[in-house]
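Coordinates in review
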Amino acid sequence: MLLIEKLVKSYPGQHGQDAMLALRDISFKVEEGSFFTLLGPSGCGKTTTLQCIAGLEHPDKGLIQMGGKTMFSSRENLIVPANRRELGMVFQSYAVWPHMTVFENVAFPLVYGIKRAPTQEMRTRVLKALEMVELGQFADRPAPLLSGGQQQRVALARALVHAPRLLLLDEPLSNLDAKLRDTMRTEIRNLVKSLGITTIFVTHDQVEAVSMSDQILLMRAGKIVQQGSPRDIYLSPNSVFTADFMGRSNLITGVLDRSGETARAHTALGPISGVAGPALKPGASVVVVVRPRGIRIASTSESSGLNCFKARVQNMNFLGDVVETQVDIQGSKLTLMLNPYTAISVGQELTLEFPPERCVIVPSEVPSSCGPLK
Amino acid sequence: MNGPTVTSNGRPGTGLDQQKLVQSLLLVVVSVLVLGPVLVLIRTSLAPSEAMPFETLDFTLKHYAQLLQSPRTISLMWNTVVYALSSMTIGVAIATAIAWCTERTDMPGRTIVRILMFAWMMVPALVIGFGWILLLNSGNGALNVLFRELFGYLQPILTIYSFWSLIIITSFAVVPTGFVMISGLLRNMDPNLELAARVHGGSSWATLTRVTLPVLTPGLFSIGIYMFMAVVQAFDLPLIIGLSADVPVLSTRVYLLSSPDNGLPNYGLAASFGVLLLVLAAGLMWAYMRAIRLGERFRVVTGKAYRPKRITLGLWRFAAIGFTFSYCAAMMLPLLILLWVSLLPHYSTPSLSAFGGLSFDTYRRLLTNPMISRAIGNTIILVISSATIVMLISCLIGWFTVRSNSRAGKILDALSFLPMAIPPIVLVLAILLLYLNTPLYGTIWILVLGHMTIYISFGVRTMSSALIQLHKELGDAALISGASWLTSLQKVTFPLVWPQILNGWLWVFAHSARDLTVPLMLMTTSNIVAASTLWNLWQFPDLPGAAALAMLLMTALLAVVVPSQLYVSSRLER
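Residues numbered from 1 in each chain as written. Chains lettered and ligands numbered in written order. Predicted model: local features only at pLDDT ≥ 70, side-chain atom pairs only at ≥ 80, totals over all residues. Heavy atoms only, no water.

Comments concerning the overall build of chain B
Per the secondary structure count, chain B includes 24 helices and zero strands. Computed over C-alpha atoms, the radius of gyration of chain B comes to 26 Å, within 12% of the 25 Å expected from 2.2 N^0.38 for 574 residues, which places it in the range of a compact globule. Along the longest, intermediate and shortest principal axes, the C-alpha atoms of chain B span 90 × 75 × 50 Å. For chain B, the residues scored as buried account for 53% of the 574 residues in total. The contacts of chain B with a sequence gap of at least 6 include a subset with a gap of at least 24, amounting to 77%. Of the roughly 25900 Å² that chain B leaves accessible, carbon and sulfur atoms contribute 67%. Side-chain charges in chain B split into 34 positive and 20 negative, and the spacing between the mean points of these groups amounts to 9 Å. (Helix = DSSP H or I, 4+ residues; strand = E, 2+ residues; numbered from the N terminus. Rg over C-alpha atoms; globule rule 2.2 N^0.38 Å. Buried < 20%, exposed > 50% of the residue type's maximum accessible area, 1.4 Å probe, protein only. Contact = heavy atoms within 4.5 Å. Areas by Shrake-Rupley, 256 points an atom, 1.4 Å probe, with all protein chains shown as cover. Lys, Arg positive; Asp, Glu negative; His and termini not counted. Charge placed at Lys NZ, Arg CZ, Asp CG, Glu CD.)

Notes on the nonpolar core
If you look at the biggest cluster of nonpolar residues, it comprises 218 residues, and the most contacted ones within it are Leu2, Phe28 and Ile200 of chain A. One finds Leu167, Leu169, Met184 and Leu191 of chain A within the second-largest nonpolar core, a separate group that totals 38 residues. (Core = buried A, V, L, I, M, F, W, Y, C linked by side-chain atoms within 4.5 Å.)

A short note on the sheet that holds strand β4 (residues 61-66) of chain A
All names here are of chain A. Pairing in this open sheet of five strands is antiparallel, and the strands run β2-β1-β4-β5-β6 from one edge to the other. The open sheet has two free edges, formed respectively by β2 (20-30) and β6 (78-79), since each of these has just one partner strand. With four bridges connecting them, β4 and strand β5 (residues 69-73) associate as antiparallel partners. Looking at β5, one finds that Met66 is bridged to Lys69. Set on the sheet, helix α1 (residues 46-54) makes contact with β1 (2-11), β2 and β4; between it and β2 the angle comes to about 65°. (Pairing = 2+ DSSP bridges. Axes fitted to C-alpha atoms, helices over the stretch in contact; angles between N-to-C directions.)

Focus on helix α11 (residues 250-258) of chain B
Most of α11 of chain B sits inside the fold, with eight of its nine residues counted as buried. Taken together, the buried positions of α11 of chain B are occupied by Leu250, Ser251, Thr252, Arg253, Val254, Tyr255, Leu257 and Ser258 of chain B.

Concerning the sheet that holds strand β19 (residues 332-338) of chain A
Residues and elements named next belong to chain A. If you walk across this open sheet you meet the five strands as β16-β20-β17-β18-β19, and the pairing is antiparallel. Of all the strands in the sheet, just β16 (296-298) and β19 have a single pairing partner and so form its edges. The average undirected angle you get between the axes of adjacent strands in this sheet is 50°. Note: strand β18 (residues 323-329) against β19, seven bridges, orientation antiparallel. Looking at β19, one finds that Val323 is bridged to Leu338.

Focus on the environment of Ile344 of chain A
Residue and element names in this part refer to chain A. Tracing the backbone through its elements, the reader meets Ile344 in the loop between β19 and β20 (349-353). Owing to a relative accessible area of 13%, Ile344 belongs among the buried residues under this scheme. When the C-alpha atoms of Ile344 and Leu156 are compared, they prove to be 49 Å apart, with 188 residues separating the residues in sequence.

With respect to the pairing of strand β13 (residues 263-267) of chain A
Residue and element names in this part refer to chain A. Of the two faces of β13, the one holding Ala263, Ala265 and Thr267 is buried and the one holding Arg264 and His266 is not buried anywhere. Where strand β12 (residues 250-258) and β13 come together, four bridges link them in antiparallel fashion. Its bridge partner being in β13, Arg258 is matched across the sheet by Arg264. The turn linking β12 back onto β13 is made up of four residues, and Gly260 within it adopts a positive phi angle of 90°.

Thoughts on the packing of aromatic side chains
Residues and elements named next belong to chain B. Evaluation of the coordinates by the stated rule reveals 20 aromatic pairs over all chains. Judged by centre distance (5.7 Å) and plane angle (50°), the ring pair of Tyr226 and Tyr288 falls under tilted. With a gap of 62 residues between them, Tyr226 in helix α9 (residues 204-233) and Tyr288 in helix α12 (residues 267-297) connect regions that are remote in the sequence. What makes Tyr226 partly exposed here is its relative accessible area of 26%. (Phe/Tyr/Trp six-rings, centres within 6.5 Å; stacked < 30°, edge-to-face > 60°.)

Here we look at the confidence of the model for chain A
In this model, chain A carries an average pLDDT of 89, and 96% of its residues clear a pLDDT of 70 or more. Predicted confidence is poor over residues 367-374 of chain A, with pLDDT under 50, and the contacts of this stretch with residues over four places away or in other chains come to 15 contacts. (pLDDT = per-residue confidence, 0-100.)

Topic: the interface of chain B and chain A
If you look at the interface, chain B gives 30 residues, while chain A gives 36 residues. When the two sides are added together, the surface that chain B and chain A hide from each other amounts to roughly 2700 Å², 63% of it contributed by carbon and sulfur. The tally of links from chain B across to chain A stands at zero salt bridges. For the interface between chain B and chain A, the tally reads five residue pairs in polar contact (both at pLDDT 80 or more). (Buried area = accessible area lost by both parts, 1.4 Å probe. Salt bridge = Lys/Arg side-chain N within 4 Å of Asp/Glu carboxyl O. Polar contact = N/O pair within 3.5 Å; in protein donor to acceptor, adjacent residues only side chain to side chain.)

Structure below.
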């Protein structure tokens, strides 16, 4: 449905600074009907990518195709302007026009847009879109009299009313309070899935990304770090950055001893068996990623087993759902999450087991930053 | 960078190409409006005086030599600086005192003072000047006659035709503008700064001198420079009072050289004086921009969560009221005398015996005079088309300066700002030189052109500061919905800033109506407007006629502007 090829975008330097490379050679593909998320910290290029897809910014180089039609091509010297791309978009600020009613806001694409509809049809379609977001009874209300959540629904209805090729969502949940955010997360996902519309979603929140997406594209400093399903990205990070960004991890540095599916690394704790990518060769400096939830408490008799370590509890932080626990293994500090009903207390000695399939061995960080354009 | 071009995809005239078209059009219009006159001015100052600027290829520095050698130049500069500095100082001092009383104390009558100040901003300086002449001229000035009868003085105690009278009257005339700027400054100051000083043990005097004043200094300083610049550029009061008082300043000198009472105009010398004034004004403009940037560092604007506690004046309240209302009386007097004169068939000083003869005959006479009707018709065309065209162009340029990062956007911004540094008298001289031999000269449209050029910088400032507060996504949302660029402006962006558009429109409307510089310099029999007719009637002299026309002009202005402005400000406060 959406094809992005070798997108490069730089911003001219301001106040004597060097130009910034916002996108460095971004390529990816989005399947029809997929919920596709661009994830990354601020400044990683995710919003720039979305703006390029929307046509609000234009890349320096590359190709953008939607449903086989070229929207941007630096080789063919072609730009289709934003208003011709037949898109729907929900903005971070919602951008619901305060001088119009809810109805007029949603009707806008059908009245002034590319695919105009005759008045009667327009009315039915707008009302249907409003029903869809459960705002049917608010049609005549002036937009400023809506709550944040309702404004967001208006923005969603406006983005969908003209049956766009793609739905673009630019951090739509970041302005909502925590409780509403949880509801809207499920609601948006269910709505776009029931319509079967291809959706591009931009966020910096890994919880949103994991819970909503079919595919996640993790970006950093204008480059793609990893692409995959939420499960892949969370459980099999390909880098320290991914592991760290997607949630808390214990990072244990070491040197790779044996590569492949049954790899082994030498660390300060001793040898740790785990899973390593095929690109890693023995002798490479690596990091073993173990999620706090991946660590098991073993019975003392297993203390000599594979990936088993003796640990002393240093600190326990009761958080309700879980107890965040700091342990010390031969001078290294690790975090694990314990059941709140656990009987373990500070100072206790434990045997911990890191099941090998839960230990992901990734290359230690290659420094790359969104530096000046050389 | 060679960006890809835009496809029209079947239907032309949508999206980026619309933008490019409008942008090039604006560039052409603004260049013609602004750069044309400036270049002609410089060319004329370098051409021999016998020839018109376009008829010769010769260059000479004769005029500059003459200007630099003449001892009168020094006295002109001196007059101008003394005049501007004293008027500015007195005006800002009065305005600060009154603004402080209305914004920070419990002085009674604050609202009425604020409304009066806004109303007086609309009163042409010319009208106030005429009023003062009627009050204070040495022969039969009303106040002088009154003093003579009360106290038996033979000599007039006050005289209008002196440098000091000019300074005082000018400073009174700039107070309302200063008041509006300074009260905005006071209102935007974070009251927490003062509260913090009080909480940490400062007395109210220490708070005022150690916190309030230092925090306000950069703002007051930039307002001072702005006022100084405005007085340097002022033309009408120096014309009607300064010339009779034999106090020529740069602006009146430029006028006399280009339209002398007898003899041929010396455009070359006038242009070189114009360049001198231009350089002075540009220097001031630069200082003003620096002061503003300095002020930004002290920016203490915060939310309007609550108003600062007003200071209880106690007995001082009488001093405050006395001061404020003396100023208000001083502003009312010239208007009252004009009202009086307009109701009499022939001029006479106010007295009980003349009361019986009061009638509206003068008004009737004016309104049936075909010359006056033409002037009124012209004025309506002038003010409405100037205001409308200026705001239309300003909205578009404002959009480009705020939203487009292109080089063309920056050029537009700079070009539209340039007229700010060009004194109107200089600009009109340049327009005169540029269009003298074209069919445009002598029509009302050349006045429209002049006012467009003068007020466009104001319009663009207003619109870019309005648009910068508007979230970019609002316009983007319209584009994504499939609307063309122009539709997105028309249906979303501009409707959202319409109070500011209306405000700007009213400002240009009022200033275009009260301006004498442009109509007088470009006056012919066919393009007279209210302001130039007022001047003609006064010179003729038909004092009741002039007074009646002044009253009509003022009433019309106040009737249009004050209610709309109140409406707009109530919309903006929301």
